[in-house]
Amino acid sequence: MRDHVHFAPWTCCAQAPGASPPAIQGEWFAAEVPGTVASALRARGRWDMQNPPDLDAQDWWYRTTFAAESRADDELFDLCFDGLASLAEVWLNGELVLSTNNMFRSYRLDVDRPLQDENELMICFRSLAADLKKRRPRPRWKTNLVNNQQLRWLRTSLLGRIPGWSPPVPVVGPWGEVRLERAAVMLTEVQRTAVLVGKEGVVRFSAQVRAALEITSAKLHVGGHHAALEWQNGTLSGELRIQHPELWWPHTHGTPTLHAAKVIIETDVEQHVFLLEKVGFRQIEACNDPGFAIHVNGARIYCRGACWTTSDIFTLHGTEESLRHDLTLARDAGMNMLRIGGTMTYECDAFYRLCDELGILVWQDFMFANMDYPVEDAAFAENITIEATQQLSRFAQHPCVAVYCGNSEIEQQAAMLGMARELWRNRWFGEQLPALCSQHHPGTVYVPSSPSGGVLPFHTSTGVTHYYGIGAYLRSLRELRQADVKFTSECLGFANIPEPETIEEIMGGLMPVMHHPRWKQRVPRDTGAGWDFEDVRDHYLRELFNVDPVSLRCFDMPRYLELSRVTSGEMMARTFAEWRGGHSRNAGGLVWFYKDLWPAAGWGIVDSAGVPKAAYYQLKRLWQTRQLTITDEGLDGLHLHLVNETSEPLDGFIEVQLLREPNVSIARHEIALKVGGRSLETRSVDEVLGSFYDVNYAYRFGPQAHHAVIATWFDDKREVISEAVHLTRARDPEVHPLSEEMLHAQAEALGDRRYRVTLKSDRFLHRVRLSAQGFLPDDNYFHLAPDRLKVVSFSPRAGHSDAFRAYAEALNVMGEISVELSSASPETRHAPR
């Protein structure tokens, strides 16, 4: 029961470093809070990505006013700051009341006495460039990740300060909420944990209470249960035990059950209700035999997903709507884990709340990366200890947070630079931080550094690794089993080509050419390397399609973009097909970047506007709870791997068809198969066919009789569970002129601006692409077998009101089919164009 005092609109202005409030002069302009200087400049149309201003060179002042008249005797006032980036001073009515040097900490000030009827609040964000000029001890090693090694002393996000892959948008300003709370009872420093002890759920609660009224009693409520809290010396504390509570599961393995929670405090005047984050009971464990793996509630979880970035590089936080959109896309793709890496920033409460609801596990790094941080400095150590304690108290209220990681690539950086082993890990990451995690969030897993655990931290077959064998290091898919990756907390970085509308936005209407500075500025690269991640993609384009990417790019840019768009996703999909198969010991893989930081051919599998790229859909078909994959076993043919992560057994059939393009069926057989709950079955394609067909063209006794192997897993009602396709030759599919008979399409309105499109072809189609401006399909870039119906649902994008008009194309078809919803009937008009 807290009220927030209304602030007048905020304004901000730039000043030379060092000024104080009486001397502030300049152009004040409107600014949103929470927000940043960059977001305020963007709102004014004064931000140019090609020529960004140096925000760190100046001081930036924010100003607002507010009234606090008619104050009651039983009211308390707290001025709260949830994120100030990064060297900040807070001035209230001309008085300096707070100085901060950590954007990751929150601050709460008792301002009962300084308040007046009319108040002025000013916040100064001091120049980082000026601060970085101070003389400080040098690091034991240097990293190419950032240009200024002294950033290791400053607790600020590295986003915007990493030249190789981050947009030039450093965070400066009040990026977290600023508010004035008024209430008769204040509940602060809340710590609440929920653990399983055997079959019993135990909720422990403590908080500091500041009250202007006499407290008579307090209770903790969780679901339909409650327990009294003890009130002593300004602290509320107690615990609640619940027998056999419903458990929280990642969505791939069960229901993410949550229980409503609140604290009710009775005073001599009235009742005060404080809503808490919902409680989820789960047991998290790490198994290290044969390698790192996560177990939830006793079940081994195959963790798949991506590394989270941010919904908006300018503000570093997303709206509830944008977060729900992005996280629902992740859930629908089959992702059950997201990692927040040490180069990013801690996310807002809404992010973790949505992950709780959607059943997505979170691997949470602390915000340390690559550098030699001065953890032995007393002031720095105190600062980061408070930071970690505050964040842990926040995260402990969310069942989704499963893994804590001390840092990103510090051990790898030190090892790769030849530093002695004893310098790879210091006491902070090896002893002090894990102790804080155990104290404030029991029942979670701690990893000291990502990667770590091997003879060298980056070795692939031990511990937690960062796997870029497929990707930056240009290794072959044949080496995947040799690499024996047990768990990779980041992997498979590719410059993923976005949809045509995003390319047009990047190029500003210019013809897309890959050597243009607008394009190349946004292609990720490792600082100092003579190649970028577009070169990586080109390497695999040649391998997959047997074409020269340079010639193709020079003479047929549209075809180059079409093939490039599916290349990276194909390599990722083949990698996960191996990792999820019965011959692999892999327990998880998180793709490097879920979402791009700006419109780009970036690492993200979703673009910066929240539109999925081809790679998203290609991975979605490999990340489902009931999954069929194919692996090439050389002279042993092809193997089928059927995964059932649900707790219930599944009866059904597995069918294999051998197809010679365009539409000749060479063989087609099926067998009945039962896959137990939480289990995997592996079968040979030769077993299903019952005869030798040289299914992967390994023996090569003559010309290829077939070009595609199509495996389909049906349930006992003949509904398709999962499908996989193996192509037996590397080539650019031959393009044929579009005809009416080649592709038939029908569209049907479902209500609420949702539509269903049904496709059917008389031949095998390579990588069918569907598009409809203002709508998102639930599947895309798929192979379509002859005479088989394919149904794709479309949902509207937020903020778009376009009429539904869809198009279909494929890599082996010239032109598009227009799929228009008829206003006269549910039938679809379709015509080549």
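This text goes with the structure placed above it.
Residues numbered from 1 in each chain as written. Predicted model: local features only at pLDDT ≥ 70, side-chain atom pairs only at ≥ 80, totals over all residues. Heavy atoms only, no water.

Caption draft 1: Geometry of the environment of glycine 528. Along the chain, glycine 528 turns up in the loop between α10 (517–520) and α11 (533–545). When the C-alpha atoms of glycine 528 and valine 464 are compared, they prove to be 26 Å apart, with 64 residues separating the residues in sequence. (Helix = DSSP H or I, 4+ residues; strand = E, 2+ residues; numbered from the N terminus.)

Caption draft 2: Looking closely at the state of the cysteines. Within this structure, the stated rule accounts for zero disulfides. There is no disulfide at cysteine 303, and the cysteine sulfur nearest it, in cysteine 491, is 12 Å away. (Disulfide = S-S within 2.5 Å.)

Caption draft 3: Here's a closer look at the sheet that holds strand β31 (residues 638–644). Strand order in this open sheet of three strands is β30-β31-β34, and the pairing throughout is antiparallel. Where the open sheet ends on each side, the last strands, each with one partner, are β30 (626–632) and β34 (679–684). Across the sheet, the mean angle separating the axes of adjacent strands is 20 degrees when strand polarity is ignored. Pairing of β31 with β34 involves six bridges; the strand directions are antiparallel. Within the sheet, the bridge partner assigned to asparagine 644 lies in β34 and is serine 679. (Pairing = 2+ DSSP bridges. Axes fitted to C-alpha atoms, helices over the stretch in contact; angles between N-to-C directions.)

Caption draft 4: Looking closely at unusual backbone geometry. Between alanine 85 and the following residue, serine 86, the backbone shows a cis peptide bond with an omega angle of -5 degrees. In this structure, serine 86 sits in the loop between β5 (76–81) and β6 (88–92). One non-glycine residue, leucine 316, adopts positive backbone phi at about 65 degrees. With respect to the helices and strands, leucine 316 occurs in the loop between β22 (303–308) and α3 (320–332). Residue leucine 316 is classed as buried on the basis of its relative accessible area, which comes to 2%. Of note, arginine 678 is a non-glycine position whose phi angle comes to about 55 degrees, a positive value. When you line up the elements, arginine 678 lands in the loop between β33 (664–675) and β34. (Buried < 20%, exposed > 50% of the residue type's maximum accessible area, 1.4 Å probe, protein only.)

Caption draft 5: Geometry of the nonpolar core. In this structure, Phe81, Ile123, Trp165, Phe351 and Ile605 are the most contacted members of the largest nonpolar core, which totals 181 residues. Counting residues per element, this core draws most heavily on helix α13 (residues 557–579), at eleven residues. With near-sequence residues (within four places) excluded, phenylalanine 81 lies in contact with Val90, Leu98, Arg105, Ser106, Tyr107, Leu109, Ile123, Glu177 and Val178. Residues Leu196, Ala207, Leu236 and Phe281 belong to the second largest nonpolar core, which totals 25 residues. (Core = buried A, V, L, I, M, F, W, Y, C linked by side-chain atoms within 4.5 Å. Contact = heavy atoms within 4.5 Å.)

Caption draft 6: Seen up close, the pattern of salt bridges. With the rule as written, the count across this model stands at 63 salt bridges. Its salt-bridge partner being glutamate 27, residue arginine 44 comes within 3.1 Å of it at the nearest N-O pair. Highlighted residues: arginine 44 in the loop between α1 (37–43) and β4 (59–67) and glutamate 27 in the loop between β2 (11–15) and β3 (29–30), separated in sequence by 17 residues. Using a relative accessible area of 47% as the deciding quantity, one classes glutamate 27 as partly exposed. Notably, a salt bridge pairs glutamate 181 with arginine 108, separated by 3.1 Å at the nearest N-O pair. In this pair, glutamate 181 sits in strand β10 (residues 178–183) while arginine 108 sits in strand β8 (residues 107–110), placing the two residues 73 residues apart along the sequence. Taking the relative accessible area as the measure of exposure, glutamate 181 reaches 2% and is therefore buried. Taken together, the shared-partner salt bridges connect Asp78, Asp82, Arg108, Asp110, Asp112, Glu177, Arg179, Glu181 and Arg210 into one network. (Salt bridge = Lys/Arg side-chain N within 4 Å of Asp/Glu carboxyl O.)

All quantities given are derived from atomic positions and should not be read as evidence of function.
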